[in-house]
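Structure at a glance
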Amino acid sequence: MRIPCPYCGPRDAHEFTCLGDATLTRPDPAAPDAASAFHDYVYRRDNPAGPHRELWYHGGGCRSWLEVTRDTRTHAITDARFAADRSSAAQGTEDRP
Amino acid sequence: MTAPTAQNTGPSRRLAKGGLIDRSQPLEFDFDGRPLSGVAGDTLASALLANGVTLVGRSFKYHRPRGILTAGSEEPNALVELRSGARREPNTRATMVELYDRLSATSQNRWPSLEHDALSINRLAAPLFGAGFYYKTFMWPAALWERLYEPLIRRAAGLGRAADHEDPDRYEKATAHCDLLVIGAGPAGLMAALTAARSGARVILADEDFRLGGRLLSDAPEVDGAPAPLWVDRVLGELASFPDVTVMPRTTVFGVYDGGTYGAVERVSDHRAEPLPWQPRQRLWRIVARRSLLAAGAIERPIVFGGNDRPGVMMAGAMRAYANRFAVAAAREAVAVFANNDSAWSAARDLSRLGVRVAAVIDVRERVDPALTAPLAAAGARLMLGSRVIATSGKRLSVVEVLTGGKRETLKVDGLAMSGGWSPTVNLTCHLGSRPVWNDALSAFLPGSLPPGMTVAGAANGRFGLAACLADGAASATAALADLGFAVPSAALPRADDDPAGLIPFWHVAESKGAAFVDHQNDVTAKDIAIAHREGFRAVEHLKRYTTLGMATDQGKTANLTGLAIMSALTGKDIPETGTTMFRPPYSPVAIGAFGGSHRGKAFRPTRLTPTHGWATEHGAVFVETGPWLRAQYFPRPGERDWLETVNREVTAVRTGVGLCDVSTLGKIDIQGPDAATLLERVYINGWSGLEVGKARYGVMLREDGMVMDDGTTARLGPTHFVMTTTTANAVKVFQHLEHALQVLWPELDARIASVSDQWAQIAVAGPKARETLARIVDAPFDLGNAAFPYMAAAELTVLGGLRARLFRLSFSGELAYEIAVPARQGDRLVRALMDAGAPFGITPYGTEALGVLRIEKGHAAGNELNGQTTAHDLGLGRMMSGKKDFIGRVMSNRPGLRDPDRPALVGLRPLPPGARLRAGSHLIPVGQPTDAANDQGYLTSVAHSPTLGHAIGLALLAGGPRRIGERLRAVDPLRNEEVEVEVCNPVFVDPQGEKLRV
């Protein structure tokens, strides 16, 4: 498998490690339902057949955490972007300089 | 016919002229010890045949005599052991072994000799050995399996023997990139490679053969009005002129992987007795191709009839290849041909033309094109249409029994060419999970949906004619390259004719007498398939497992389809309904050595050496592997009886004088930025914002599930600058964890991290005399006094007259202690300077063993306790948890189960009998209770002999933990059958008030 790292270009999957679902957001620890929200965040995962957004760490390259969109049936990768950009956008804060 | 000769050779069967061989280069070789000779250009199979060797091996289960069936990588029969000693290689296909001078090969699975095999008695018992035999017969008593049945079966039904010694050869791995990978160098592949080369693309052309051309070599057609090999040479010459074209003979593309990645193995030196000194034996390629073109051709399939495995029975295309390419007549007297299709008639015509007497052509069809039959009739062959072979006889084929016009007739021939048609080699198209699609018109499976970027051309795509292959190769390459944006110049196709390819489906002669083989290598017969059908194993995957059809080293290349067809006839379903088996990598066997490449022995993984390794070696250190590191374990001195005496001395030196130990292997992470302290607050359980510059603090970090992940100290070197240490084992994991926090969880934090583990040599100096030792190397005016530089102080300073250093007053041993860091390449200088400075105090180097004893005496948790199942509370660190902030793992660590006071928690243990020894891993059982799982209350994680206390000590995770101090328990070690009574105590055995480290 080859992953198009936005910093390094297309690289072999051996340079990366996968953490799994990238759609999870760390829950608000102060919320009243924090205990159950964290339980879901830590343990519950969907296992979709089809496009899946995943976190991959380019430990053998630029050390970026990437959000990769991979089809779990075919391993076809349709998108790879910096996880940092995604999170900033998702939380509505400004991009880092 | 003459009686079988005792010797497994006969007069030379080399044709007087022709062939793509070099008769001026004779090569000597031996088979089963008998000296034979071949010529350059031969395979081992063609050379054996040329010498009249038709009996090559014994079959897997029944020990039936077997010869050479094919001329390619699909060969199921002719497996031999190649070479000897450490280079002995079992199960090599004689059809793929390129002959070299002094080659030595041995037949397999026979005893005492190939000619007279004792276990061929299995043949007489064949009715007992049918499908499911093992499952049904060796069921009971179960105890006999390991002792009797399995060894017997393994001896009887074996393949070759692996070498007994380490492989002396080298293997390599390499990566290549290209625009177009062409797999197979037959007519379609060559045309495709040429088309791509002319358009300027980067091209790799790979073929498993040592000579490129595929069927152009074996079928001997004409291209552009001249013999095809001349055209092949011209194409290869032109390909060689392009700098971006790589032609790889002897290279099997064995697998298709995701993202346009292909696995290939290049047999760099297999055609030599030994590799040249600077060359590997084989090279494993990872080929990354933007597009690929599969032009792997087709494999001829056998017909299933009685005795279709007898030496002398061969595929028609193979017999044709041996005659055309290798100038070898596969039979001495005469051959018969048995087929259901036109291509076998072309083979018969070639054989006849080259002087091999074709006694008869037997075709199951009632009518065959007179253009095919006429030349053979003219050459004197009997044309037996609407007929079939029902049996053969002779140890080596001597008689063929034919059912023709309702009568049985016998033909005296010593060769029988069979052809059941051709199966496109679609294997690689299925490697990513798709299945081939049945084509009724061709009676063959064709490629289904293709791996991304792949197209299929030529016979592999069901286009069997030569002209069609050439056109398809050019057109497919043009389409692929146009897709990539290349301008492809148009060129005229070479002139060639399409061979007739008429066929009617025919698989199995129902009137067969004797065993009719479907899978030659695994000895699966038509009758076995009938048994599987009768007993309900009708689904393809069941059929395969019950009969072992297609499960041998050839993966059923010649067997799968016929097996499927016979099952289909039995069930009355058509072939696509019956199914097909999947093809998975590798296409043909790949040596484990090639996958290992250079990663063996010392090169299996790199060994990391500490900055003081050379110095430690000089001082006689014994080293131990800790992860990738080689660390000094202890420093024995002359006269010391054993390691324990050495370690006791080292521990005592630290407790009473001064010792030093290289701790450079700890992970070191530089953290900078305005939000650096915030990052620490979020990853550690304790507070950090209040830490003053010039101070260090012990920290514990959790995983998000609440379990302890790692611990270490972090020092604040400036308002926005920290340096963190991690345990040696978790250095990489913690770094990745911090990157995750910064990039994924909280990218808004303005902080950056860098690993500086390799940049700093760090040495612990510990013991009552540590300050006096250090005082002799730090540069003035730095004040080491307890007031100016107290416990947990940190500073940047210079030592040894201007050498940049970092000093931390940390203590793992519980003594007055420091860790001093200098740039890594100065580590050797530092350790020597410290040894000189400490000499008046008897400074003693200590290793990881003493380090372990010192930390167990102090009750510090380490790897054995930080095992991923312990919480901060379990380790007695719960009070460190800040209640004023959130941090990773906080919420989950408060789950009721993790706060259960009965959870196993850290305690100390000491044995009650004086002098008794403790064993790590022992389980804790209440006194007077039986030793069983119900009474298991915990286990010993770490044990040591404490020279300070003079007895054994241990750390344990005990249910209920510290509130059980004073209780007596039994520490039971069922592995060693030992047990000792222990008392639960405070885990801090030495200086529990922590006074010594603050002096």
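A brief structural summary. (Residues numbered from 1 in each chain as written. Chains lettered and ligands numbered in written order. Predicted model: local features only at pLDDT ≥ 70, side-chain atom pairs only at ≥ 80, totals over all residues. Heavy atoms only, no water.)

This paragraph deals with the interface of chain A and chain B. In this assembly, 29 residues from chain A lie in contact with 31 residues from chain B. Carbon and sulfur atoms supply 52% of the area that chain A and chain B bury against each other, a total of about 2,400 Å² over both sides. Remark: the boundary between chain A and chain B carries 4 salt bridges. For A:D12, the salt bridge goes to B:R286, with nearest N and O atoms at 3.1 Å. Elements with a contribution of two residues or more to the side of chain A that touches chain B: β3 (17-21), α1 (34-43), β4 (51-57) and α2 (83-91) of chain A. (Contact = heavy atoms within 4.5 Å. Buried area = accessible area lost by both parts, 1.4 Å probe. Salt bridge = Lys/Arg side-chain N within 4 Å of Asp/Glu carboxyl O. Helix = DSSP H or I, 4+ residues; strand = E, 2+ residues; numbered from the N terminus.)

This next bit is on the side chain of B:E81. All names here are of chain B. Tracing the chain through its elements places E81 in strand β5 (residues 79-82). Under the relative-accessibility criterion, E81 is labelled buried at 3%. Side-chain polar atoms of E81 contact the backbone nitrogen of R161, separated by 2.8 Å. In this view, E81 contacts R88, E89, P90, S104, A105, T106, Q108, G160 and R161; residues no more than four positions away in its chain are not counted. (Buried < 20%, exposed > 50% of the residue type's maximum accessible area, 1.4 Å probe, protein only. Polar contact = N/O pair within 3.5 Å; in protein donor to acceptor, adjacent residues only side chain to side chain.)

B:L44 and B:F338 are the most contacted members of the largest nonpolar core, which totals 82 residues. Dropping the residues within four chain positions of it, B:L44 is found in contact with B:F29, B:V80, B:L82, B:A94, B:V97, B:L99, B:L103 and B:A105. Counting 37 residues, the second-largest nonpolar core is a separate cluster that includes A:Y57, B:F722, B:V734 and B:F735. (Core = buried A, V, L, I, M, F, W, Y, C linked by side-chain atoms within 4.5 Å.)

Next up on the list: the pattern of salt bridges. Residue and element names in this part refer to chain B. The final tally for this structure, using the stated rule, is 70 salt bridges over all chains. Linking K769 and E772 is a salt bridge whose minimum nitrogen-to-oxygen distance equals 3.7 Å. For E772, a relative accessible area of 39% puts it in the partly exposed group. Here the salt bridges share partners, and the residues they tie into one network are R83, R87, E89, D169, D270, E274 and R281.

These figures capture arrangement, not role.
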